[in-house]
Amino acid sequence: MEKLTDYEFNGKIVLKNRLVLAPMTTYSANPDLTLSIEEEKYYQARGKEFGMVITAATAISKNAQAFQNQISIKDESYLPSMIRLSQAIKSGGAKAILQLHHGGRMNAIGLYENQDIVSASSVKAERVAAAIPRALLTHEVYKVIDDFRKAMILAIKAGFDGVELHGANTYLIQQFFSPHSNQRTDEFGGSLEKRLTFPLKLVDMAIKTKEEFAKSDFIIGYRLSPEEYENPGITLEDTKVLVKELSLKEIDYIHVSLGSYKQSSIRNPQEQEPVITALKIANIGKKKLIGVGGIESLDEVNDALNLGFDLVAIGMAALADVKVVTHILNNENIKRVIDEESLLPQNMKNRVSQWRNLSSRGFKVK
Ligand SMILES: Cc1cc2nc3c(=O)[nH]c(=O)nc-3n(C[C@H](O)[C@H](O)[C@H](O)COP(=O)(O)O)c2cc1C
């Protein structure tokens, strides 16, 4: 059985355990998009348990904002809010990772006046009430990279131990990698290689920003979704190339966003092999791999590690139970009722209480 506590992460950092709080949007920032007291309490509680806490998707600029009451790091004035966030997480001994986010075409419509919803190309997402985005001009793409850079510098100043580039779950970074949303003809689109340009330029920017502004143990992570349902859409073959390229960069981890950590291809249902098996082979630079999706017990943690993940992230199971890591590591049942003691911000609680997959997984909101 794998060792789960005091885990040497990258030769420089020891994590108190190999469990990671999955990034989860809290929908509960103050009206000015600074961290609310409720959110601070949510993170303080989880920081006591997890080895690493990845924050909710945090908007790197005004038009990056995808959700109502999403926390923001759009300019210097958000530094005090971000300091409170990093301190809340670190006060319990967890490493604090800020998830840097731009929603692109997935931004909810009507979040503020004169909203400018942008993407790689002017292609609507295949979902109800999707916006028709405006395609970013080439020089604007460079401006977005610079927005990520400025946000990362603020994250370093705010005392975070690292950042995660949110390249998953259909948001802007993924939109540049996807042949569905990226139909550009400049250096950022066309072939698979060109669709990699934006993600890899962001990663190079992050590495350079770290060299300039952060210590050598500052963590850089990249979250990706291995496949898309759309046609055309990201295939596992595409993602193997992305993972190979990422693994050769000076980053610390690749976070594989999956509905189930052991799932096989969603595009090729006849394929039985778990996605992680293919991605592990593509990970030629041997970066740490974080798995996620449906993990609620010690057996599942060990199964994920045996499949090839190095760290295991927990989302839904961390909503109800503030002692979820203690319970899992002791091989005890987790708490399944979201109540006052769960310290979940009210808007987040309201949102998740409407999600069918919360009840289908056996969680209840009191
Ligand atoms: C309430 C909620 C909010 C989420 N917000 C984010 C987010 O901000 N960024 C992100 O990358 N994933 C987000 N996710 C996805 C989770 O990080 C995770 O990948 C997913 O829930 C599967 O893990 P689980 O089965 O342990 O919940 C969210 C999930 C939930 C339940």
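Preceding this section is the structure that the text describes.
Residues numbered from 1 in each chain as written. Predicted model: local features only at pLDDT ≥ 70, side-chain atom pairs only at ≥ 80, totals over all residues. Heavy atoms only, no water.

1. Observations regarding the site of the ligand
Now for step 1: Not every one of the 18 residues close to the ligand is listed here, only the nearest: Thr25, Arg223, Gly294, Met316 and Arg361.
Now for step 2: One nitrogen or oxygen atom from the side chain of His166 is found 3.0 Å from an oxygen atom belonging to the ligand.
Now for step 3: In this structure, an oxygen atom belonging to the ligand sits 2.7 Å away from a main-chain N or O atom of Gly294.
Now for step 4: For the ligand, whose free accessible area comes to 610 Å², the fraction covered by protein is 90%.
Now for step 5: Broken down by class, the residue content of the shell around the ligand amounts to 9 nonpolar, 7 polar and 2 charged. (Near = heavy atom within 4 Å. Polar contact = N/O pair within 3.5 Å; in protein donor to acceptor, adjacent residues only side chain to side chain. Areas by Shrake-Rupley, 256 points an atom, 1.4 Å probe, with all protein chains shown as cover. Nonpolar A, V, L, I, M, F, W, Y, C, P; charged D, E, K, R; others polar.)

2. Describing the packing of helix 7 (residues 236-247) against helix 8 (residues 275-282)
Now for step 1: At a minimum axis distance of 8 Å, the contact between helix 7 and helix 8 shows a crossing angle of 40°. Taken together, the axes of helix 7 and helix 8 are oblique relative to one another. Where helix 7 crosses over helix 8, the two elements pack in a sense that is right-handed. Between helix 7, through Leu236, Thr239, Lys240, Val243, Lys244 and Ser247, and helix 8, the contact on the second element is made entirely by Val275, Ala278, Leu279 and Ala282.
Now for step 2: Each residue belonging to the contact of helix 7 with helix 8 can be placed in one class, and the counts come to 6 nonpolar, 2 polar and 2 charged. (Axes fitted to C-alpha atoms, helices over the stretch in contact; angles between N-to-C directions. Helix = DSSP H or I, 4+ residues; strand = E, 2+ residues; numbered from the N terminus. Parallel < 35°, antiparallel > 145°, perpendicular 65-115°, else oblique. Left-handed = near helix turned anticlockwise from the far one by under 90°. Contact = heavy atoms within 4.5 Å.)

3. Considering the pairing of strand 11 (residues 288-292)
Now for step 1: With 4 of 5 residues buried, strand 11 lies mostly within the body of the structure.
Now for step 2: Read from strand 10 (residues 253-256) through helix 8 to strand 11, the crossover connection turns out right-handed.
Now for step 3: Bridge count for strand 11 against strand 12 (residues 311-314) is 3 bridges, and the pairing is parallel. If you follow Val292 over to strand 12, its bridge partner there is Ala313.
Now for step 4: For the handedness criterion, the β-α-β arrangement of strand 11, helix 9 (residues 298-307) and strand 12 is classed as right-handed. (Buried < 20%, exposed > 50% of the residue type's maximum accessible area, 1.4 Å probe, protein only. Right-handed = clockwise from strand over helix to strand, strands pointing away. Pairing = 2+ DSSP bridges.)

4. Examining the nonpolar core
Now for step 1: Among the nonpolar cores identified, the biggest contains 98 residues, and Tyr43, Leu100 and Phe198 are the most heavily contacted of them.
Now for step 2: Top contributing element to this core by residue count: helix 3 (residues 138-157), with 9 residues.
Now for step 3: The next biggest cluster of nonpolar side chains, apart from the first, holds 15 residues, and it includes Ile290, Val292, Leu311 and Ala313. (Core = buried A, V, L, I, M, F, W, Y, C linked by side-chain atoms within 4.5 Å.)

5. Comments concerning the pairing of strand 9 (residues 219-224)
For a regular strand, side chains alternate in direction, first toward one face of the sheet and then toward the other.
Now for step 1: Across the 6 residues that make up strand 9, a large majority, 6, are buried.
Now for step 2: Of the two faces of strand 9, the one lined by Ile219, Gly221 and Arg223 and the one lined by Ile220, Tyr222 and Leu224 are each fully buried.
Now for step 3: Where strand 8 (residues 162-167) meets strand 9, 6 bridges bridge the pair, whose relative direction is parallel. For Val163, the partnering residue across the bridge sits in strand 9 and is Ile220.
Now for step 4: Where strand 9 lies against strand 10, 4 bridges are found, and the strand directions are parallel. When the sheet's bridge partners are listed, Leu224 is paired in strand 10 with Val256.

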